[in-house]
There are 2 protein chains.
Amino acid sequence: MPEQNNSNLHAMKVTCSNCTLRELCLPIGLNREELSQLDAVIRQSRRFRRGDYLFRSGEPFKSLFAIRTGFFKTCMSSQDGREQVTGFHMSGELLGMDGISANVHGCDAIALEDSEVCELPFSRMQCLSREIPSLQHHFYRLMSREIVRDQSIMLLLGNMKAEERLAAFLLNVSQRLATRGFAANDFILRMSREEIGSFLGLKLETVSRTLSKFQQQGWITVDHKHIQLVQPEALKALISGCTHAHQHA
Amino acid sequence: MPEQNNSNLHAMKVTCSNCTLRELCLPIGLNREELSQLDAVIRQSRRFRRGDYLFRSGEPFKSLFAIRTGFFKTCMSSQDGREQVTGFHMSGELLGMDGISANVHGCDAIALEDSEVCELPFSRMQCLSREIPSLQHHFYRLMSREIVRDQSIMLLLGNMKAEERLAAFLLNVSQRLATRGFAANDFILRMSREEIGSFLGLKLETVSRTLSKFQQQGWITVDHKHIQLVQPEALKALISGCTHAHQHA
DNA sequence: CAAGAAGCTTGACGTTGGTCAAAGCGGGGT
DNA sequence: ACCCCGCTTTGACCAACGTCAAGCTTCTTG
């Protein structure tokens, strides 16, 4: 193992350098020493296979998890079995922040493809962030961003029609892929129609029908999970008007 | 002004002692000196009249706001004027956390009755929380709780029918009032039918009709904004099943 | 105090999206 | 390579909720 001293910090830097243009999940504006402190806290990354649980609702909360590669969904289920997908999560995103409040995870996190995840023991991050102000601030920002994200989903679920929801969803996926350096207008969905529907507050048949409708309009092509945005402007036009007024584009 | 040295810290303690049983908005497990440090940071509380804006979407974010007395709504509006109420907020709750991520407020906060609010300059709170670990942890917990709250609203908007939403809403208001020492089953709503509808993803007519239906069932009485829960168990029965499976009672 | 505005209730009707059903397709596992 | 199961598509029908409208009550403001 000649690369043993290639600490996971370096691995993380490599991962994160894939996500330029975008604020990274953690290492931001830290000096050399601070980085090595952070490095000491991050546990070696773990691999997950499609379908694996990263954590489950009700489990004791100990750590946050940073996705290095892969794709996850988070979901809550109700007593009678209805499932609500609360988010889809890609590389560079941080999972588990809802567990801090009660020291218990509040949702399930499930890998939708084979993935790699860094574990960040929260109590140690908390100590470290006391010593490194920019880290503390970054944490606050990440949590705040999660709040903003959730609220924009509330707006989607509360105000938008099926077509608007689907258009917003496709554009959101597109934009996040683009941020990570992938093609914006040609991608593979990692989740099923049912999961999309659950996330958007629609039934899977409605998702399917709406995708077909978009295809008939010539706005997108649909080949099972392979989606191409042919006229993304058409989708944008559909949701212009129902997006947040003070979008600081 | 003989009470000048009655610092607003003391006023805050008085306010907060009204909310026993419940985690308070800020002073939690701090010693004497820490309290006085906190006191130095909290700006004198300000009064707001019904209809006043505490902050507006798009304004620069500088402070969080703790409600001492009164009642607020937060809402986002879309470009074509649709409004989504994202929450109703009572004494002891903290507003503005969505502004941290982009240094800009992401929603409007509007007083629904005459209210009194403490301003907490965020940068100073951040410094202070570095010195007082329990304060830092408390902040993380408050933000996490907001995330949990938003996600349970997503579950409501994504999965529940009109009757279930209304029942969940009434029980939520009831429980929060009880926490603050008010009657749980006899209260005045501070918001209009339209605002309730916006929050729940329903039209005001549906809210009105559903309240009437509950009244006909004998579960509640409705006299304009005056609500009495006659058979809260009936409402609970309605939403049992569609609430989060891992509710830690 | 009067008058207008805003909020609430209720009814009739329409539309969206949910439900149920059937059939096609595709991929993973043996 | 084959088979089976799960995912997807599509259609027909239906229910829940939205829309439109009218009339009423309660606040607000001059």
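In case you missed it, the structure is sitting above this.
On a predicted model such as this, the values are computed, not experimentally measured, just so you know.

Asks: Can you help me understand the overall build of chain A in this one?
Replies: Scanning chain A from N- to C-terminus turns up 8 helices and 11 strands. Among the 249 residues that make up chain A, the fraction classed as buried is 55%. Residue pairs at least 24 apart in sequence account for 74% of intrachain contacts in chain A once pairs closer than 6 positions are excluded. With an accessible surface of roughly 11,300 Å², chain A has 50% of that area assigned to carbon and sulfur atoms.

Asks: I keep staring at the sheet that holds strand S9 (residues 186-188) of chain B and nothing clicks. Help me out?
Replies: Note on sheets: strands pair through backbone hydrogen bonds, and any given pair is parallel or antiparallel. Residues and elements named next belong to chain B. The 3 strands lie next to each other as S9-S11-S10, forming an open sheet whose pairing is antiparallel. Of all strands in the sheet, those with a lone pairing partner are S9 and strand S10 (220-223), marking the two edges. Neighbour to neighbour, the strand axes of the sheet diverge by 15° on average, direction disregarded.

Asks: Sorry, what's going on with the protein's contact with DNA strand C here?
Replies: As a structural note, the neighbourhood of DNA strand C is formed by 18 residues, with A:Ala162, A:Thr206, A:Arg209, B:Ser208 and B:Ser212 the closest of them. When atoms of DNA strand C within 4 Å of the protein are split into backbone and base, the sugar-phosphate part holds 64%. B:Ser208 has a polar side-chain atom sitting 2.7 Å from a phosphate oxygen of DNA strand C. Those elements giving two or more residues to the surface near DNA strand C turn out to be helix H7 (204-216) of chain A together with helix H7 (204-216) of chain B. By residue number, the principal contributor to the surface near DNA strand C is H7(B), which donates 5 residues. A breakdown of the residues in the surface near DNA strand C according to their chemical character gives 4 nonpolar, 6 polar and 8 charged.

Asks: Please explain the pattern of salt bridges as it appears in this structure.
Replies: Oppositely charged side chains may form a pair once their charged atoms are brought near each other. According to the stated counting rule, one finds 26 salt bridges over all chains in the structure shown. Among the salt bridges present, the one from A:Asp80 reaches A:Arg82, with a minimum N-O distance of 3.1 Å. Where B:Glu93 meets B:Arg180, a salt bridge forms, and the shortest distance between an N and an O atom there is 3.4 Å. Separated by 87 residues along the polypeptide, B:Glu93 in the loop between strand S5 (83-90) and strand S6 (94-95) and B:Arg180 in the loop between helix H5 (162-179) and S9 bring together distant segments of the chain. A relative accessible area of 7% means that B:Arg180 is categorised as buried.

Asks: Just checking my understanding: could you explain the nonpolar core for this structure?
Replies: Generally speaking, soluble globular proteins have nonpolar side chains that are buried together. Grouped together as the largest cluster of nonpolar side chains are 78 residues, with contacts concentrated most on A:Phe169, A:Leu170, B:Phe169 and B:Leu170. When neighbours within four sequence positions are excluded, B:Leu170 is seen to be in contact with B:Phe187, B:Leu211, B:Phe214, B:Ile220, B:Ile227, B:Leu229 and B:Leu235. Membership of the second largest hydrophobic core comes to 46 residues, among which are A:Leu94, A:Ile100, A:Ile147 and B:Phe61.

Asks: What am I meant to see in the pairing of strand S11 (residues 226-229) of chain A here?
Replies: Look at any regular strand and the pattern is simple: side chains alternate between the two faces of the sheet. All names here are of chain A. Every second residue of S11 is oriented toward a common face, the buried set being Ile227 and Leu229 and the non-buried set His226 and Gln228. As paired elements, strand S10 (residues 220-223) and S11 share 4 bridges and run antiparallel to each other. Pairing of Thr221 across the sheet is with Gln228, part of S11. Between S10 and S11, which follow one another and run antiparallel, lie 2 residues, and His224 among them has a positive phi close to 60°.

Asks: Any chance you could explain the protein's contact with DNA strand D here in plain terms?
Replies: The environment of DNA strand D is made up of 18 residues, and the closest members are A:Arg193, A:Ser208, A:Ser212, B:Thr206 and B:Arg209. Per the 4 Å cut-off to the protein, sugar and phosphate atoms form 64% of the nearby atoms of DNA strand D. The separation between a phosphate oxygen of DNA strand D and a polar side-chain atom of A:Ser212 is 2.6 Å. Only H7 of chain A together with H7 of chain B provide two or more residues apiece to the surface near DNA strand D. It is H7(A) that contributes the most residues to the surface near DNA strand D, 5 residues altogether.

Asks: Sorry if this is basic, but what is going on with the relation of the copies chain A and chain B here?
Replies: In this arrangement, two copies of a chain are superimposed by a rotation about an axis accompanied by a shift along the axis. You can overlay chain A on chain B at an RMSD of 0.0 Å; the transform is a turn of 180° with a shift of 0.0 Å along its axis. Classification of the inter-copy transformation places it as that of a two-fold axis. With an isologous cut-off of 70% or more, the 100% of interface residues of chain A that recur at the interface of chain B puts this contact in the isologous class.

Asks: In this structure, what is going on with the packing of helix H3 (residues 122-131) of chain A against helix H4 (residues 133-159) of chain B? I would like to understand it.
Replies: Relative orientation and spacing of two packed helices are given, respectively, by the angle between their axes and the distance between those axes. Running from N to C, H3(A) and H4(B) point in directions that differ by 120°, and their axes come no closer than 11 Å. Relative to H4(B), the element H3(A) lies oblique. Crossing geometry of H3(A) relative to H4(B) is assigned as right-handed. Contacts between H3(A) and H4(B) pair A:Phe122, A:Gln126, A:Ser129 and A:Arg130 from the former with B:Pro133, B:Gln136, B:His137 and B:Tyr140 from the latter. Within the contact of H3(A) with H4(B), the residues separate by chemical class into 3 nonpolar, 4 polar and 1 charged.

Asks: How do you make sense of the state of the cysteines when you look at a structure like this?
Replies: A disulfide bridge is the covalent bond that connects two cysteines by way of their sulfur atoms. All chains considered together, the criterion is met by 0 disulfides over all chains. No disulfide involves B:Cys75; its sulfur sits 7.4 Å from that of B:Cys107, the nearest cysteine.

Asks: Explain the interface of chain A and chain B here, please?
Replies: When the parts come together, some accessible area is lost, and that loss is often what is quoted as the size of the interface. If you look at the interface, chain A gives 55 residues, while chain B gives 55 residues. In this assembly, chain A packs against chain B so that about 5,300 Å² is buried in total across both faces, 57% of it on carbon and sulfur atoms. For the pair chain A and chain B, the interface holds 2 salt bridges. Across the pair A:Glu164 and B:Arg82 runs a salt bridge whose closest N-O atoms are separated by 2.9 Å. Linking chain A to chain B there are 30 residue pairs in polar contact (both at pLDDT 80 or more). Contributions of two or more residues to the side of chain A that touches chain B are made by strand S4 (71-77), strand S5 (83-90), H3 and helix H4 (133-159) of chain A. Examining the composition of the side of chain A that touches chain B, we find that 21 residues originate from one element, H4(A), more than from any other. Class assignment of the residues belonging to the side of chain A that touches chain B gives a composition of 19 nonpolar, 26 polar and 10 charged.

Rules behind the numbers
Residues numbered from 1 in each chain as written. Chains lettered and ligands numbered in written order. Predicted model: local features only at pLDDT ≥ 70, side-chain atom pairs only at ≥ 80, totals over all residues. Heavy atoms only, no water. Helix = DSSP H or I, 4+ residues; strand = E, 2+ residues; numbered from the N terminus. Buried < 20%, exposed > 50% of the residue type's maximum accessible area, 1.4 Å probe, protein only. Contact = heavy atoms within 4.5 Å. Areas by Shrake-Rupley, 256 points an atom, 1.4 Å probe, with all protein chains shown as cover. Pairing = 2+ DSSP bridges. Axes fitted to C-alpha atoms, helices over the stretch in contact; angles between N-to-C directions. Near = heavy atom within 4 Å. Polar contact = N/O pair within 3.5 Å; in protein donor to acceptor, adjacent residues only side chain to side chain. Nonpolar A, V, L, I, M, F, W, Y, C, P; charged D, E, K, R; others polar. Salt bridge = Lys/Arg side-chain N within 4 Å of Asp/Glu carboxyl O. Core = buried A, V, L, I, M, F, W, Y, C linked by side-chain atoms within 4.5 Å. Least-squares fit on C-alpha atoms with pLDDT ≥ 70 in both. Parallel < 35°, antiparallel > 145°, perpendicular 65-115°, else oblique. Left-handed = near helix turned anticlockwise from the far one by under 90°. Disulfide = S-S within 2.5 Å. Buried area = accessible area lost by both parts, 1.4 Å probe.

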